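Examination of the molecular architecture
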Amino acid sequence: MLVDALFSKFGGENEVELCHLCARQYFGELETIDRAVDVRALVKSAGIAIRESNAGKFEGMFEWDNSGKETITLARSGSENRRRFTAAHELGHWLLRQTVLKGAAGVRYRSNDRGRASEEERLANLLAAEILMPLPAMMRLLSFQKITNRLVRQLSGRFGVSRQAFLRRIPQILNTTLIYLNVVPNRFKDATSHAIVDEAIYIVPGEGPFSDRDNVRLIRRISFAELLRQSSPSLGVKTSHGNLFATFDALAYNEPIPNADLLAVDVRFRVL
Ligand SMILES: [Zn+2]
């Protein structure tokens, strides 16, 4: 197992700490940085060539040849945050190759394929999260304050990552569960119609993250307007992994249609 080889090389109490200890060996700035890291500069500092491609078959690619030349190729399409995450993910492959994957010429792709990820892909993603949202900064910023939607928006912007990427990082840092829902009125322009889940991300201990809005719904029917009258609504939510009851932090928006973010950490799933 790759992860065992990494643990014996770097130590650490858990995989999140392990990835920090591994990445900081090569990128010392991860110890102190507290805002968006310049990922392309990290790539160059590692002596890796960086290219862009219009091919559209993959989001990113890391390849190396027998002469030792290493190249990261990034698709031109996609948001800047997505491209930054892809570059960091390919750097994750590079780190694994430096440490535990020594071998002949090869190539790794990052595609839109959401298939079952291999151990190497999982570790590349965890290393990418470490590169973009380093453990020491996250500990400082998340440990001593309430996790709210405003904080998530502020910090995801500051670190140059998508809100989804930031939400997935929180349970890794705080060793907690998390559920995020975006809700909208069932009839888009009518706030008196009942609230329905439009997007859902939740993390169960030892599993996930899951994003399956189709199987997530509010247990009790409540109008969108009524839900927003409460600044911290208490709601029951049904998921594929059990029901949960939590008090949510709520933040409402009017654009592009009325919608609201609901966020709760440290929730308990009652397994069905
Ligand atoms: Zn990959």
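The rules behind these values
- Residues numbered from 1 in each chain as written.
- Predicted model: local features only at pLDDT ≥ 70, side-chain atom pairs only at ≥ 80, totals over all residues.
- Helix = DSSP H or I, 4+ residues; strand = E, 2+ residues; numbered from the N terminus.
- Rg over C-alpha atoms; globule rule 2.2 N^0.38 Å.
- Buried ≥ 20, exposed ≤ 12 C-beta atoms within 10 Å, placed from the backbone.
- Contact = placed C-beta atoms within 7 Å.
- Arc of directions from axis to C-beta.
- Domains from an automatic or database assignment.
- Core = buried A, V, L, I, M, F, W, Y, C linked by C-beta atoms within 7 Å.
- Pairing = 2+ DSSP bridges.
- Axes fitted to C-alpha atoms, helices over the stretch in contact; angles between N-to-C directions.
- Parallel < 35°, antiparallel > 145°, perpendicular 65-115°, else oblique.
- Left-handed = near helix turned anticlockwise from the far one by under 90°.
- Nonpolar A, V, L, I, M, F, W, Y, C, P; charged D, E, K, R; others polar.
- pLDDT = per-residue confidence, 0-100.

Some thoughts on the overall build of the chain
Scanning the chain from N- to C-terminus turns up nine helices and twelve strands. Radius of gyration (C-alpha) of the chain: 20 Å, near the 19 Å computed for a compact globule of 272 residues. Within the chain, buried positions represent 34% of all 272 residues. When contacts within the chain are restricted to residue pairs at least 6 apart in sequence, long-range pairs at least 24 apart make up 60% of them.

Details of helix 7 (residues 149-159)
The set of residues buried in helix 7 consists of Val152, Leu155 and Phe159. Burial along helix 7 is one-sided: seen end-on, the buried residues are contained in an arc of 80 degrees. Packing partners of the buried residues in helix 7 comprise helix 5 (119-132), helix 6 (135-142), helix 8 (163-174) and strand 11 (259-265). Phi turns positive, to about 65 degrees, at Gly160, one or two residues after helix 7.

A word on the domain arrangement of the chain
Domain annotation of the chain identifies domain 1 (2-141) and domain 2 (176-270). Inter-centroid distance (C-alpha atoms) of domain 1 to domain 2 is 32 Å.

A few points about the nonpolar core
Side chains of a nonpolar character, in soluble globular proteins, are inclined to be buried together. Core analysis: the biggest nonpolar cluster contains 69 residues, and Leu127, Ile131, Leu132 and Ile179 have the highest contact counts within it. The leading source of residues in this core is helix 5, at eight residues. The residues that make up this core include at least three from each of domain 1 (2-141) and domain 2 (176-270). Setting aside residues up to four positions removed in sequence, Ile131 forms contacts with Ala23, Phe27, Leu30, Val37, Val39, Leu42, Ala88 and Leu91.

Quick notes on the sheet that holds strand 5 (residues 178-185)
Read from one edge of the open sheet, four strands run 6-5-11-10, paired in antiparallel fashion. Edge positions in the sheet fall to strand 6 (195-203) and strand 10 (249-253), since each has one partner strand and no second. Neighbouring strand axes in the sheet, compared pairwise and without regard to direction, differ in orientation by 15 degrees on average. Taken together, the eight bridges between strand 5 and strand 6 define a ladder with antiparallel strand orientation. By the bridge assignment, Tyr180 is partnered in strand 6 with Ile201. Those strands touched by helix 8 are strand 5, strand 6 and strand 11, and its axis lies near 150 degrees from that of strand 5.

Observations concerning the sheet that holds strand 8 (residues 234-239)
Spatially, 7-8-9-12 is the arrangement adopted by the four strands of the open sheet, whose pairing is antiparallel. Every interior strand has two partners, whereas the edge strands, strand 7 (217-218) and strand 12 (269-270), have only one. With two bridges connecting them, strand 9 (residues 242-247) and strand 12 associate as antiparallel partners. Within strand 12, the residue paired with Asn243 across the bridge is Arg270.

Observations regarding the environment of Val237
You can see Val237 is positioned in strand 8. For Val237, a count of 24 C-beta atoms within 10 Å gives the class buried. Separated by 106 residues in the primary sequence, Val237 and Ile131 have C-alpha atoms spaced 33 Å apart. Leave out the neighbours within four places in its chain, and Val237 touches Ile179, Val216, Leu218, Ile219, Asn243 and Leu244.

Concerning the packing of helix 7 against helix 8
Relative orientation of the contacting elements helix 7 and helix 8 amounts to 110 degrees, with a least axis distance of 9 Å. It follows from the interaxial angle that helix 7 and helix 8 lie roughly perpendicular. Relative to helix 8, helix 7 is oriented so that their crossing is right-handed. Of helix 8, the residues touching helix 7 (which contributes Val152, Arg153, Leu155 and Ser156) are Arg163, Phe166 and Leu167. Taken together, the residues that form the contact of helix 7 with helix 8 break down as four nonpolar, one polar and two charged.

Regarding the confidence of the model for the chain
Predicted coordinates in regions of low pLDDT should not be interpreted in detail. On average, residues of the chain score 91 in pLDDT, and 95% of them are at 70 or above. Within the model, pLDDT remains below 50 along residues 112-116, and this stretch shows one contact once partners closer than five positions in the same chain are excluded.

Looking at the packing of helix 6 against helix 8
Running from N to C, helix 6 and helix 8 point in directions that differ by 85 degrees, and their axes come no closer than 10 Å. Considering their axes alone, helix 6 and helix 8 lie roughly perpendicular with respect to each other. Judged by residue contacts, Leu135, Met138, Met139 and Leu142 of helix 6 engage Arg169, Ile170, Ile173 and Leu174 from helix 8. Looking at the contact of helix 6 with helix 8 residue by residue, the class counts come to seven nonpolar, no polar and one charged.

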